[in-house]
Amino acid sequence: MSHDPNCIFCKIIAGQIPSRKVYEDDDLYAFHDIHPWAPVHFLLVPKLHLPSMAQLGPEHERLMGKLMCLAPKLALEQGCRPWPEGGFRIVCNNGAEGGQEVQHLHVHVMGGPRPWHKG
Ligand code: 5GP
Ligand code: ZN
């Protein structure tokens with residue numbers, strides 16, 4: 001399923017639920033997390049509805065490569081200082097035991113002045 005009408009992130013991507021958009025292109029969407037853990041905290045997601053990384057196959061290599069290559073650029077634009085003094089953290093939760101709450105593949109991109117950590 002490329003779009004799940006019951007998925008909260010599909011609704012955000014479609015504009016049916018408002019979000020603070022960070023970036024959008026044909027394949028990817030990024031928006032600020034509603035409950036930030038860090039001074040910079042946004043979510044970067046494929047527009048394609050994939051429940052988690054567990055559903056990834058070889059056909060998604062280009063998409064996920066694009067996502068990972070975009071993350072550092074967006075982190076800088078959102079106020080993370082450059083590597084190595086600054087930097088950012090990427091977290092991708094998968095499945096119940098991986099702490100995943102929203103079943104649409106997403107990476108958390110977090111950064112900014114410390115101290116901060118995931119509670
Ligand atoms: P997970 O635990 O699945 O990796 O994290 C899901 C993240 O999505 C959480 O950090 C949560 O704050 C965020 N989130 C859940 N619902 C919404 C929403 O409606 N809007 C935004 N902007 N973020 C959301
Ligand atoms: Zn979805």
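Residues numbered from 1 in each chain as written. Chains lettered and ligands numbered in written order. Predicted model: local features only at pLDDT ≥ 70, side-chain atom pairs only at ≥ 80, totals over all residues.

### What to know about the overall build of the chain
Keep this limit in mind: In this description a helix means any DSSP run of H or I spanning at least four residues, a strand means any run of E spanning at least two, and both kinds are numbered starting from the N terminus. In this treatment the radius of gyration is a C-alpha quantity, and the globule benchmark scales as 2.2 Å times the residue count to the 0.38 power. In this scheme the burial state of a residue depends on its C-beta neighbours within 10 Å: 20 or more other such atoms mean buried, 12 or fewer mean exposed, and anything in between means partly exposed; the C-beta positions come from the backbone.
Helix and strand counts for the chain come out as 2 helices and 5 strands. When the helices and strands of the chain are listed from N to C terminus, the series reads α-β-β-β-α-β-β. For a compact globule of 119 residues, the expected C-alpha radius of gyration is about 14 Å, and the chain comes in at 14 Å, within 12% of that figure. Dimensions of the chain along its principal axes, counting C-alpha atoms only, are 40 × 30 × 25 Å. Buried positions account for 23% of the 119 residues belonging to the chain.

### A short note on the site of ligand 1
Operational definition: Each residue gets a C-beta atom placed from its backbone. If that atom is within 6 Å of a molecule or strand, the residue is near it. Here the nonpolar group is Ala, Val, Leu, Ile, Met, Phe, Trp, Tyr, Cys and Pro; Asp, Glu, Lys and Arg are the charged ones; every other residue, Gly included, is treated as polar.
Taken together, 14 residues sit near ligand 1, with Ile34, His35, Asn93, Glu101 and Val102 positioned nearest. Across the shell around ligand 1, the residue classes break down as 6 nonpolar, 6 polar and 2 charged.

### Points about the confidence of the model for the chain
Let me state the cut-off plainly: Here pLDDT means the predictor's own confidence in every residue, given as a number from 0 to 100.
Here the chain averages 96 in pLDDT, while 97% of its residues score no lower than 70. Interface confidence in the predicted complex, given as ipTM, is 0.99; pTM for the same model is 0.97.

### Observations concerning the pairing of strand β2 (residues 28-32)
Our working definition: When DSSP locates at least two bridges between a pair of strands, those strands are taken to pair.
Sheet analysis places strand β1 (residues 21-24) next to β2, joined by 3 bridges and oriented antiparallel. Bridge pairing in β2 links Glu24 to Tyr29. The antiparallel hairpin formed by β1 and β2 contains 3 residues in its connecting segment. As judged from the 5 bridges shared by β2 and strand β3 (residues 40-46), these two strands associate in the antiparallel manner. Opposite Phe31, over in β3, you have Leu43 as the bridge partner.

### Looking at the sheet that holds strand β5 (residues 107-111)
Operational definition: Lines fitted to the C-alpha atoms define the axes, with helices restricted to the stretch that makes contact. Angles between their N-to-C directions range from 0 to 180 degrees.
Sheet architecture is open: 5 strands sit in the order β1-β2-β3-β5-β4, paired in antiparallel fashion. On the outer flanks of this sheet lie β1 and β4 (88-91), each paired with one strand and no other. Within the sheet, the average angular offset between the axes of one strand and its neighbour, ignoring direction, is 20°.

### Comments concerning unusual backbone geometry
With an omega of 10°, the peptide bond between Trp83 and Pro84 qualifies as cis. Residue placement: Pro84 occurs in the loop between α2 (61-77) and β4. The amide bond that connects Arg114 to the next residue, Pro115, takes the cis arrangement and shows omega of 10°. Mapped onto the fold, Pro115 is located in the segment after β5.

### Examining the UniProt feature "active site" (unreviewed entry) in the chain
As a reminder of what qualifies: UniProt positions are given in the numbering used here, feature names are shortened, and annotations may be inferred rather than shown by experiment. Any residue pair is listed as a contact if its two C-beta atoms, each placed from the backbone, are within 7 Å.
The UniProt entry lists His106 under the feature "active site" (unreviewed entry), expressed in the numbering used here. With respect to the helices and strands, His106 occurs in the loop between β4 and β5. Dropping the residues within four chain positions of it, His106 is found in contact with Phe9, Leu43, Leu44 and Val45.

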